[in-house]
Amino acid sequence: GVLCGIIGAGFVYFSSKIAYIRKNIHISPRKKRFVYTIAVAIFSSCCTFIFFFPEKSDKAILNEMFNVESEEEKYTLLFLLILAIFKFLLTALAISCPVPCGVFTPVFTLGGIFGMFYGKLMENLFDVQFPGAYAVVGASAVTASVTHTVSVAVIVFELTGQLKLMIPVLLGVLIAYPIGNAFSMSIYDTLLNMKKLPYLPALLTPNQYSQKATEVMEPCYHLTLDTTLYDVVNLLKTMKYANKPISIVDNHEDLTLHHSVQGYSLRDYLIEEYKVSKHYLSDAAKMKLAKYFDPLESKTPTLSRQGSLNEIQATDSLEEITDPEDDDTSQFFAKHVDFAHFSLATDYAPFSVPDTINLSKVHFLFIMLGISHVFVTRAGKLQGVITKDDFQENSS
């Protein structure tokens, strides 16, 4: 179990390093995926058909190695060692390619090969019989270490029907799992990280489980129920990212949480209001507002919702546009925000948690509910916000 746990952690680490090397190959992104995949395919073919060691399929290898009661000499120690090295290397190369491929079965076969090697070694040293039993334990233990799952033991029992190996398999899995968990992430989390897909890592230290929400929350942008367009513009100027949630409260003194909106939708709302206002504003007011809103409107289609809001720079400052002597512009920016407008991504039931909740429960909510953020409140009053991105940075 200990050796299988170390091998599984080493496989995950090696796979991540190969992916890092592939990412830093100085080829154009369009050509990189094809060149790299073709190179891996040629290398795998050479290893398979020139050196002939890994020419058998995973199913054939497992069927031969899982024959627990057979005493027939089919594999030598040298053959098993070379086969394990080839399987380790080729599997890591294959999963680093930008094409769909399996992970469970190749890793399962790798564990079986290592288990058979260990069984043969014990047979030569201590005259142990039935090395195939070690192949079953090795396959389950290495797979548990790589995938960070315990249920692989049940899969092994269903595949082999060897219930008499229940205790060795369970012991191997229960020992390999924490060792793999201590040294590396799951192969699936690693693949998500390699492909820059969203995922939430597990909490690593016992201290993180006992932390409170107030220890990890961030200050929250907020608007009031009587917010004007002027307040919205000022808020967007201070925001860094468009995907941050904005809470709507009673007023700046009474921070009772009502609902929330997204930053990018406030920007869209401003543009919609500007388009409507063109029908009744004077020409002078239109020219002033155009200096601010035309750059904003022209850059909106290419600006990602994940991007920065303060990348947009107006030609004139907002103070110059909102001339107090100009009734039209003052009337425009004094308009109250209609949070029921179609362009606003308004959440009328924002998810909130008390400030005394443990971080482990927040982690559970992010995983089970798939939410992007939670507001932290105390007696209904807004205290802050925990976004999934911030939570991931604090827990990694």
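For the structure, check the block above.
Residues numbered from 1 in each chain as written. Predicted model: local features only at pLDDT ≥ 70, side-chain atom pairs only at ≥ 80, totals over all residues. Heavy atoms only, no water.

1. So, the nonpolar core
As a rule of thumb, nonpolar side chains are buried together in soluble globular proteins.
Then comes step 1: One finds Leu266 and Phe293 to be the most contacted residues of the largest nonpolar core, which totals 25 residues.
Then comes step 2: Listing elements by their share of this core, those giving two or more residues are helix H12 (229-238), strand S2 (245-249), helix H13 (263-277), helix H14 (283-299) and helix H16 (327-333).
Then comes step 3: Not counting chain neighbours up to four residues away, the residues in contact with Leu266 comprise Leu223, Val232, Leu235, Leu236, Ile246, Val261 and Leu344.
Then comes step 4: Membership of the second largest hydrophobic core comes to 24 residues, among which are Ile61, Leu83, Met116 and Phe157. (Core = buried A, V, L, I, M, F, W, Y, C linked by side-chain atoms within 4.5 Å. Buried < 20%, exposed > 50% of the residue type's maximum accessible area, 1.4 Å probe, protein only. Helix = DSSP H or I, 4+ residues; strand = E, 2+ residues; numbered from the N terminus. Contact = heavy atoms within 4.5 Å.)

2. Remarks on unusual backbone geometry
Then comes step 1: The phi torsion at His148 lies on the positive side, around 55 degrees, for a residue other than glycine.
Then comes step 2: Tracing the backbone through its elements, the reader meets His148 in the loop between helix H6 (132-147) and helix H7 (152-160).
Then comes step 3: Non-glycine residue Ala379 carries a positive phi angle of around 55 degrees.
Then comes step 4: With respect to the secondary-structure elements, Ala379 resides in the loop between strand S6 (373-378) and strand S7 (381-387).

3. Quick look at the packing of aromatic side chains
Within a pair of aromatic rings, the relevant descriptors are the distance that separates the centres and the angle that separates the planes.
Then comes step 1: In total, this model carries six aromatic pairs according to the counting rule given.
Then comes step 2: Seen from their ring centres, Phe104 and Phe108 are 5.9 Å apart, and the 10 degrees between their planes marks the pair as stacked. Placement of both Phe104 and Phe108 in helix H5 (residues 104-126) is noted, with a separation of four residues, approximately one turn of the helix.
Then comes step 3: What makes Phe108 buried here is its relative accessible area of 3%.
Then comes step 4: An aromatic cluster of three or more residues is present, and its members are Phe11, Phe14 and Phe88. (Phe/Tyr/Trp six-rings, centres within 6.5 Å; stacked < 30°, edge-to-face > 60°.)

4. Here's the deal with helix H17 (residues 359-369)
Then comes step 1: Regarding H17, the residues found buried are Leu359, Val362, His363, Leu365 and Phe366. Down the axis of H17, the sector holding all buried residues measures 160 degrees, keeping them to one side. Of the exposed residues in H17, those oriented more than 90 degrees away from the buried face are Phe364 and Met368.
Then comes step 2: Positioned one or two residues after H17, Gly370 has a phi angle of 65 degrees, which is positive. (Arc of directions from axis to C-beta.)

5. Points about the environment of Ala92
Then comes step 1: Mapped onto the secondary structure, Ala92 falls in helix H4 (residues 77-95).
Then comes step 2: Look at Ala92 and you get buried, because its relative accessible area is 0%.
Then comes step 3: As for Ala92 and Pro106, which are separated by 14 residues in sequence, their C-alpha atoms are 9.6 Å apart.
Then comes step 4: Contacts of Ala92, omitting those with residues within four sequence positions, involve Phe11, Phe14, Ser15 and Ile18.

6. Examining the side chain of Ser96
Then comes step 1: Mapped onto the fold, Ser96 is located in the loop between H4 and H5.
Then comes step 2: One polar contact links Ser96 to Tyr36, side chain to side chain, over a distance of 2.6 Å.
Then comes step 3: A distance of 2.6 Å separates a polar side-chain atom of Ser96 from the backbone oxygen of Leu93.
Then comes step 4: The residues touching Ser96, leaving out its near neighbours within four places in the chain, are Ile18, Ala19, Arg22, Tyr36 and Met194. (Polar contact = N/O pair within 3.5 Å; in protein donor to acceptor, adjacent residues only side chain to side chain.)

7. So, the pattern of salt bridges
Then comes step 1: Using the criterion set out here, one finds five salt bridges in the structure.
Then comes step 2: For the salt bridge of Glu123 with Lys120, the shortest nitrogen-to-oxygen distance reads 3.8 Å. Residue Glu123 and its partner Lys120 are both found in helix H5; the two are separated by three residues, about one turn of the helix. There is no split in this pair, since Glu123 and Lys120 are both buried.
Then comes step 3: Among the ionic pairs, Lys381 bridges to Asp254, the shortest N-O distance being 2.3 Å. Residue Lys381 is located in strand S7, and its partner Asp254 is located in the loop between S2 and strand S3 (257-262); the two are separated by 127 residues in the primary sequence. (Salt bridge = Lys/Arg side-chain N within 4 Å of Asp/Glu carboxyl O.)

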